Amino acid sequence: MISFSAVSKRYPGGQDVLKGVSLSIDAGELVFITGHSGAGKSTLLKLIPAIERPSTGSVIVNGQNVSALRPAAIPFLRRNLGLVFQDQKLLYDRSVYENLMLPLSFSNLAPREAARRARAALDKVGLLGREKANPIQLSGGEQQRLAIARAVVNRPAVLIADEPTANLDAEAARRVLEIFVAFNQVGVTVLLATHDLALVTHYGRRVLRLASGHVAEDSAP
Amino acid sequence: MRSWLRQHRRALIAAIGKLAAQKASGVVSALVIGVALSLPAGGYALLEGLSSLASGVALEPQISVYLKPGSTKDDAHALAARLKADARIGRVRFVPRDEALKELKATEGLADVVDALDHNPLPDAFVVLARDSSPVTLAALAAELRRVPSVAHVQADAVWARRLASLARLGRLAVLLLAALLAFGLVAVTFNTIRLQILTQRDEIEVSKLIGATDAFIRRPFLYLGLLQGLAGGALALGIVWLGLYLLNGEVRTLAQTYGSSFRFDFLARGDSSAVLLFAGALGWLGASLSVSRYLLEIQPK
């Protein structure tokens, strides 16, 4: 489903963040991507939705060469990917419901179906009943769950999360991870970057450890 | 098609929301556009009024030749023969003094004055239509006719009307140039308003791009906002022109009455008003389009 072939990434004026990374992720897998700060976890994840482009090598997602994708085609690639960020990237001048409706507004769904999907997504992350709240009124864990709801509301085949538990306490982090596991159990491919090795060990899934821009370890359960 | 319409409806609703949220700054922008547009629109309305006044006067190359009081029929016949023989003259019409008096009596407000006269003070006259309409030819012909002994006065009627028409043409050109100049200003105002909107919505645009919004989707509400702002400015311009003409007509009516005329400046015709609105809307759309194209490129998700 996702494959990297000899992918390197160098930022302008900087050093190589990724150096010839090759890997393959099958549909339905849940993969933890670990490594120290600066190991290249975020960069690796950003290459999949074409937020960043590789300096060399190719990234293939669902048979599509993302590295060679025209800019106009990128939005359509991203609609098939659910993206969750460490800082959530929520809109704090909008309600919970309006945040959720944002990706639905460009998916051409009929308003009734869009509303139904929004409520279903909120239900899945345990936020049903908080539609009218402003995200600022939610706890850190709830905000992250709202970000997950926004990522899954268009029913993507792949969920990509960059350090989704970084700023959460243990209980909130566990709850957030349970949501990712639940989505994976219904067939969604999940890629999750984290530096929390205790959580990774607990779930016993495939782990890709990055170090100095290389895949230092690829351990299947 | 249905989803396309739905997208546009959403964009329009979003634009109306943005316009409403702008409050004072939105009103000021529309006012700036309205005042700027009212200048050429008002100028056009005034020129149209003056043109209609000028069009009531014959613009043909016409010269009126008045005979001296006491001229005989022979004098009139001799002059008629001379005029008809002149190759520069296309048509000659003799206006006897009695007919001239009847025409004068028929003029609004002059019947009583004519009745009060104890004799006909008007001379016999010829209305001459020259073949060449150039002012130089007309002036030369008029000068030559003035030298005829039986002629008292020669008046080249078309000259002043032509001058008025030329002035009207010049005025129209000035209005067009002013409109073109102010159009740039209008585009600049909209460009800046949309730029500020984009900057205040930077986070939303960035997130939208991250989660799969196309540039067209992001651009659409801003284009509608530019269009609405232009239309609002256009409507204000029409309001300003209407008010200006209303106030002006109060004085014009008084002045025209002293000439026995019911002249007044008409408001822009329906077609012209629609053109002002469409022009304003199109310029708003253009300004927004330029702004969005320029600034959306700068916002890339990281």
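The numbers attached to residues start from 1 for each chain and follow its sequence in the written order. Key to labels: chains lettered from A, ligands numbered from 1, both in the order written. Only residues with pLDDT of 70 or above have their local features reported here, since the model is predicted, and side-chain atom pairs are shown and tallied only from 80 upward, although totals for entire chains, interfaces and linings are computed over all residues.

Observations concerning the overall build of chain B
Here's step 1: Scanning chain B for helices and strands turns up ten helices and four strands.
Here's step 2: From first element to last, N terminus to C terminus, chain B shows the α and β order α-α-β-α-β-α-α-β-α-β-α-α-α-α.
Here's step 3: Over its C-alpha atoms chain B spans a radius of gyration of 31 Å, topping by over 25% the 19 Å that the globule rule assigns to 302 residues.
Here's step 4: The principal-axis extent of the C-alpha atoms belonging to chain B is close to 100 × 40 × 30 Å.
Here's step 5: The exposure scheme places C-beta atoms from the backbone and then counts, for each residue, the other C-beta atoms within 10 Å of its own, assigning buried at 20 or more, exposed at 12 or fewer, and partly exposed in between. Expressed as a percentage of the 302 residues in chain B, the buried residues total 28%.
Here's step 6: For chain B, the share of sequence-separated contacts (at least 6 apart) that also reach a separation of at least 24 residues comes to 85%. In this text, helices come from DSSP runs of H or I with a minimum length of four residues, and strands from runs of E with a minimum of two, each type numbered from the N-terminal end. Based on C-alpha atoms, the radius of gyration is set beside the globule rule, defined as 2.2 Å times the residue count to the power 0.38. We call two residues in contact if the C-beta atoms placed from their backbones are at most 7 Å apart.

Section: the sheet that holds strand 4 (residues 151-155) of chain B
Residues and elements named next belong to chain B.
Here's step 1: DSSP-based pairing: two strands are paired if at least 2 bridges between them are found. With antiparallel pairing, the four strands of this open sheet are ordered in space as 2-3-1-4. The sheet is open, and its two borders are formed by strand 2 (89-95) and strand 4, each paired with just one other strand. Across the sheet, the axes of successive neighbouring strands diverge by a mean angle of 20°, strand direction being ignored.
Here's step 2: For strand 1 (residues 62-67) and strand 3 (residues 125-130), the ladder comprises five bridges, and the chain directions are antiparallel. Bridge pairing links Ser64 to Val127 in strand 3.
Here's step 3: Axis geometry follows a simple rule: fit a line to the C-alpha atoms, using only the stretch in contact for helices, then measure angles between N-to-C directions, giving values from 0 to 180 degrees. Packing of helix 6 (residues 135-146) onto the sheet brings it into contact with strand 1, strand 3 and strand 4, and relative to strand 4 it is tilted by some 170°.

Some words on the interface of chain A and chain B
Here's step 1: Between chain A and chain B, the contact holds twelve residues from the first and 13 residues from the second.
Here's step 2: When residues of the side of chain A that touches chain B are traced back to their parent elements, those giving at least two are helix 2 (74-78) and helix 3 (96-105) of chain A.
Here's step 3: By residue number, the principal contributor to the side of chain A that touches chain B is helix 3 of chain A, which donates three residues.
Here's step 4: Of the residues belonging to the side of chain A that touches chain B, the class tally is seven nonpolar, two polar and three charged. Residues are grouped as follows: Ala, Val, Leu, Ile, Met, Phe, Trp, Tyr, Cys and Pro are nonpolar; Asp, Glu, Lys and Arg are charged; every other residue, Gly included, is polar.

Topic: the domain arrangement of chain B
Here's step 1: A domain assignment, automatic or from a database, supplies the domain bounds used here. You can read the domains of chain B as domain 1 (7-56 + 162-296) and domain 2 (62-131).
Here's step 2: A straight line from the C-alpha centre of domain 1 of chain B to that of domain 2 of chain B covers 52 Å.

So, the sheet that holds strand 8 (residues 189-193) of chain A
All names here are of chain A.
Here's step 1: Taken in spatial order, the six strands make up an open sheet running 6-7-8-3-9-10, and their pairing is mixed. Edge positions in the open sheet fall to strand 6 (81-84) and strand 10 (214-219), since each of these has one partner strand only. Taken over all neighbouring pairs, the strand axes of this sheet differ in orientation by 15° on average, direction set aside.
Here's step 2: Examined bridge by bridge, strand 3 (residues 30-35) and strand 8 share four bridges and lie parallel to one another. Bridged to Phe32 within strand 8 is Leu192.
Here's step 3: Along the sheet face, helix 6 (residues 170-185) touches strand 3, strand 7 (158-162) and strand 8 and points at about 155° away from the line of strand 8.

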